[in-house]
Amino acid sequence: MSIIMIPADILRASNMTEDELKLEIAILLYQQGKISSGKVRAWTGTTVLQFQHELAKRGLHINYDVEDFQSDVQTLQSMGLL
């Protein structure tokens, strides 16, 4: 696992918490098609509904692809729902 260090002055200047900044970075990468919604949720610890809410707040839409579907199937299987 790689670790990215964000200087405290940058964090203060952004007026965001570490978790808020991590979510912003994750959504930016998602918006650019670099990571899936499943990866965003896994990295940020958000649920599907929380993630959808965050996208809606920004006027963005879900890009639901095969990887997302497979991730959702795995999650449902691990929960014993499939």
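Summary of the structure given here. (Residues numbered from 1 in each chain as written. Predicted model: local features only at pLDDT ≥ 70, side-chain atom pairs only at ≥ 80, totals over all residues. Heavy atoms only, no water.)

**Quick notes on the overall build of the protein chain**
Looking only at helices and strands, the protein chain features five helices and zero strands. Element order for the protein chain, N to C, with α for helix and β for strand: α-α-α-α-α. When its C-alpha atoms are laid out on the principal axes, the protein chain stretches across 45 × 30 × 20 Å. Long-range contacts, defined here as pairs at least 24 residues apart, represent 40% of the contacts in the protein chain between residues at least 6 apart. As displayed, the protein chain has an accessible area near 6300 Å², and 58% of this comes from carbon and sulfur atoms. The averaged location of the 10 negative side-chain charges in the protein chain is 2 Å from the averaged location of its 7 positive side-chain charges. (Helix = DSSP H or I, 4+ residues; strand = E, 2+ residues; numbered from the N terminus. Contact = heavy atoms within 4.5 Å. Areas by Shrake-Rupley, 256 points an atom, 1.4 Å probe, with all protein chains shown as cover. Lys, Arg positive; Asp, Glu negative; His and termini not counted. Charge placed at Lys NZ, Arg CZ, Asp CG, Glu CD.)

**Points about helix α5 (residues 66-78)**
In a regular helix each residue adds 1.5 Å, so 13 residues correspond to 18 Å; α5 covers 18 Å between its end C-alpha atoms and thus fits that length. A positive phi of about 75 degrees marks G80, the residue just after α5. (Expected span 1.5 Å × (residues − 1).)

**What to know about the packing of helix α2 (residues 18-31) against helix α3 (residues 37-44)**
When two helices pack together, their arrangement is given by the angle between their axes and by how far apart the axes lie. Relative orientation of the contacting elements α2 and α3 amounts to 170 degrees, with a least axis distance of 9 Å. Here α2 is positioned roughly antiparallel relative to α3, judged by the angle of their axes. Residue-level inspection shows K22, L23, I25, A26 and Y30 of α2 in contact with α3, the latter providing S37, V40, W43 and T44. Considered class by class, the residues forming the contact of α2 with α3 number six nonpolar, two polar and one charged. (Axes fitted to C-alpha atoms, helices over the stretch in contact; angles between N-to-C directions. Parallel < 35°, antiparallel > 145°, perpendicular 65-115°, else oblique. Nonpolar A, V, L, I, M, F, W, Y, C, P; charged D, E, K, R; others polar.)

**Looking at the pattern of salt bridges**
Summed over the entire model, instances satisfying the criterion amount to four salt bridges. Residue E54 pairs with K57 through a salt bridge whose shortest N-O separation is 3.3 Å. You can see E54 and its partner K57 sitting in helix α4 (residues 48-57), three residues apart, about one turn around the helix. Each of E24, E54, K57 and R58 takes part in salt bridges that share partners, so that together they form one network. (Salt bridge = Lys/Arg side-chain N within 4 Å of Asp/Glu carboxyl O.)

**A word on unusual backbone geometry**
Within the chain, N15 stands out as a residue other than glycine whose phi angle is a positive 60 degrees. By the secondary structure assignment, N15 is in the loop between α1 (8-14) and α2. You can call N15 exposed: its relative accessible area is 70%. (Buried < 20%, exposed > 50% of the residue type's maximum accessible area, 1.4 Å probe, protein only.)

Honestly, it's all geometry; don't read function into it.
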